[in-house]
Amino acid sequence: MEINERGHLQIGGCDTVDLATQYGTPLFVYDEAFIREQIRALHRTFRELGVNYEISYATKAFCTMAMCQLAHQEGLTLDVVSGGELYTALKAGVPAANIRFHGNNKTLAELEFGVASNVGIFVVDNFVELAALNDIGQRHGKTVQVLLRIAPGIEAHTHHYISTGQQDSKFGFDLESGQAERAMAAALDAESVRCIGLHCHIGSQIFDPSGHVAAAELMCELYAAGVRMGLPFSVLNLGGGFGIRYTQDDHPTPVADYLGAMVAAVRKEIDRYGVGMPSIWIEPGRSIVGAAGTTLYTVGSQKVIPDVRNFLAVDGGMTDNPRLALYDAEYVAVMANKMAERAEETWTIAGKCCESGDIVVRSAPLPEPQMGDILAVLATGAYNYSMVSHYNRIPHPAVVFVRDGKSRLVVERETWEDVVRLDRPLEAE
Ligand code: LLP
């Protein structure tokens, strides 16, 4: 954490209190150099491991045109899961060939849009989608390139809402019951589909590589079966899910070690089956943008309940950060304008929404707070802006990128007018 001579929190060389004044709050501040360095470190690791690879940025973590452009500039492909994410990526100027279209229920309109736009790869989730894509490909006179998403039956050690690899999951072809093998046979038969490999993703915010390694081993066996079946396989996509540090109690494995363990497992297994080494693909979201983001709020009211709890309220809440309400997530908060002052009491940071579950940080030791202070919540770069809501008709916050002492607005703040823009009032009688 950078602190400047005014005793203020600084990010990317910018004083956060000045940012709050200039752009208003709540404000998402992203450290652009930090994001670029996370990506470059992944490239370096793969190059050192000496494998063919692709890194796909999971845009769901934070999907705006500027972020899609940044990821593209840094040599990433993009993982999108909806027509809206696809549209954002295309609008940002990312070539369709570099886009991978995921999702367990892409609508026919989304599939049509994807095929018509020449999306590079569809990650097919189920038999219904495989048949639909084959039809659409035929109609458009195109061969659609796909990966098959497999549910490998691996329990990831994370919150059950963000665990996806287990057998009882809505995602992917089930390995255990033989669905995965049948999907490979169906893909081989589908004339307008060319299946170039397999995909799995076991969950998110995972700290220990053992689940990814176990999944990689199972996937290699299936991959080898696909090669023997005659599928033109060259890709094994092992998903994202690498955990980050939200508080000092979090001890995630460094991503480089993760990748080392995954690649070693694939090398060993693939060798056993005697097929060629696939290109290893990953699709991280959180580990690229999570720690790069900070939310700035203006402090408002407080309520001290003697011997019970101190509540401090900010001008946002579950509308810009629903992660405590959804996953019991923990965050660190600091007083951005009082970084040199000692913490006096512990505060629970509440939002301004009309419900008790609207808490952003359960426990934050802070210096004596006053209305108008600027509170910073750290590591809010992933799945915060992307999960904003209009609950209580609260406008969406603005987003800025900061770098070398300069800030750029990349998403404007909504106004109350924006909030009612799509409403159609009843006509006067
Ligand atoms: N690939 C697939 C197929 C995914 O479903 C996900 C995340 C990722 C990649 C990226 O995972 P990451 O590297 O970011 O962990 N809203 C939740 C997280 C949901 C994750 C959904 N899928 C949260 O706030 O924690």
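A quick note: this is a predicted structure, and the numbers were derived from the prediction, not measured.

Attention now moves to the overall build of the protein chain. The helix and strand inventory of the protein chain stands at 12 helices and 21 strands. Against the 2.2 N^0.38 benchmark of 22 Å for 429 residues, the protein chain shows a C-alpha radius of gyration of 23 Å, consistent with a compact globule. Sequence separation of 24 or more characterises 69% of the internal contacts of the protein chain that already satisfy a separation of 6 or more. As displayed, the protein chain has an accessible area near 18800 Å², and 50% of this comes from carbon and sulfur atoms. Put simply, the protein chain has 35 plus and 53 minus side-chain charges, and the middle of one group is 4 Å from the middle of the other.

To continue, consider empty space enclosed by the protein. In the structure shown here, the tally under the stated rule is 1 cavity of 30 Å³ or more. The calculated volume of the largest cavity comes to roughly 30 Å³. Lining the largest cavity we find Pro26, Thr319, Asp320, Val388, Ser389, Ile394, Pro395, His396 and Pro397. Each residue belonging to the lining of the largest cavity can be placed in one class, and the counts come to 5 nonpolar, 3 polar and 1 charged.

Where interface size is quoted, it is often the accessible area lost as the parts come together. When its domains are assigned, the protein chain resolves into domain 1 (2–30 + 292–420) and domain 2 (51–286). Centre-to-centre, using C-alpha coordinates, domain 1 lies 34 Å away from domain 2. Facing 17 residues of domain 1, the contacting portion of domain 2 comprises 16 residues. Here domain 1 meets domain 2 over a buried area of about 1400 Å², counting both sides, of which 70% is carbon and sulfur. If you sort the residues of domain 1 by the area they bury against domain 2, Tyr327, Tyr383 and Phe401 come out on top, with a joint share of 36%. Remark: the boundary between domain 1 and domain 2 carries 0 salt bridges.

A word on the layout of surface pockets. Volume-wise, the second largest pocket comes out at about 460 Å³. Taken together, 19 residues line the second largest pocket, and the ones lying closest to its centre are Met1, Ala291, Thr294, Leu378 and Ala379. Those elements giving two or more residues to the lining of the second largest pocket turn out to be strand 2 (9–11) and strand 14 (293–305). For the lining of the second largest pocket, the element with the most residues is strand 2, which contributes 3 residues.

Its location among the elements puts Asp31 in strand 4 (residues 27–31). Buried within the structure, Asp31 lacks any salt-bridge partner; its nearest side chain of opposite charge belongs to Arg403, at an N-O separation of 7.8 Å. A polar contact is formed between the side chain of Asp31 and the backbone nitrogen of Ala33, at a distance of 3.4 Å. With residues up to four places along the chain from it excluded, the contact list for Asp31 reads Ile11, Gly12, Ala292 and Val402.

Moving on to the state of the cysteines. Applying the stated criterion across every chain, the model contains 0 disulfides. Of all cysteine sulfurs in the structure, the one in Cys68 sits closest to Cys63, which takes part in no disulfide; the separation is 4.2 Å. On the accessibility criterion, Cys68 (0% relative accessible area) is buried.

A separate point is the nonpolar core. By size, the foremost hydrophobic cluster in this structure holds 89 residues, and its most contacted members are Tyr57, Leu148, Leu198 and Val289. Sort the elements by how many residues they give to this core and helix 8 (residues 210–229) lands first, with 9 residues. Domain assignment of the residues forming this core places at least three in each of domain 1 (2–30 + 292–420) and domain 2 (51–286). Contact partners of Leu198, with chain neighbours within four places excluded, come to Leu147, Leu148, Ile150, Met184, Met219, Leu222, Tyr223, Phe233, Val235, Leu236 and Asn237.

As a structural note, the neighbourhood of the ligand is formed by 20 residues, with Ser204, Glu283, Arg286, Arg323 and Tyr383 the closest of them. Backbone polar atom of Arg286 to an oxygen atom of the ligand: 2.8 Å apart, as the coordinates give it. Interatomic distance of 2.8 Å between a side-chain N/O atom of Tyr327 and a nitrogen atom of the ligand. Its free accessible area being 590 Å², the ligand has 91% of it covered by the protein chains. A class-by-class count of the residues in the shell around the ligand yields 6 nonpolar, 8 polar and 6 charged. Both domains that meet at the shell around the ligand, namely domain 1 (2–30 + 292–420) and domain 2 (51–286), each give it at least three residues.

Rules used throughout
Residues numbered from 1 in each chain as written. Predicted model: local features only at pLDDT ≥ 70, side-chain atom pairs only at ≥ 80, totals over all residues. Heavy atoms only, no water. Helix = DSSP H or I, 4+ residues; strand = E, 2+ residues; numbered from the N terminus. Rg over C-alpha atoms; globule rule 2.2 N^0.38 Å. Contact = heavy atoms within 4.5 Å. Areas by Shrake-Rupley, 256 points an atom, 1.4 Å probe, with all protein chains shown as cover. Lys, Arg positive; Asp, Glu negative; His and termini not counted. Charge placed at Lys NZ, Arg CZ, Asp CG, Glu CD. 1 Å grid on protein atoms, 1.4 Å probe; cavity = no way out; pocket = protein on both sides within 12 Å on 5 of 7 lines; lining within 4 Å. Points joined across faces, edges and corners; volume = space filled by probe spheres on them. Nonpolar A, V, L, I, M, F, W, Y, C, P; charged D, E, K, R; others polar. Domains from an automatic or database assignment. Buried area = accessible area lost by both parts, 1.4 Å probe. Salt bridge = Lys/Arg side-chain N within 4 Å of Asp/Glu carboxyl O. Buried < 20%, exposed > 50% of the residue type's maximum accessible area, 1.4 Å probe, protein only. Polar contact = N/O pair within 3.5 Å; in protein donor to acceptor, adjacent residues only side chain to side chain. Disulfide = S-S within 2.5 Å. Core = buried A, V, L, I, M, F, W, Y, C linked by side-chain atoms within 4.5 Å. Near = heavy atom within 4 Å.

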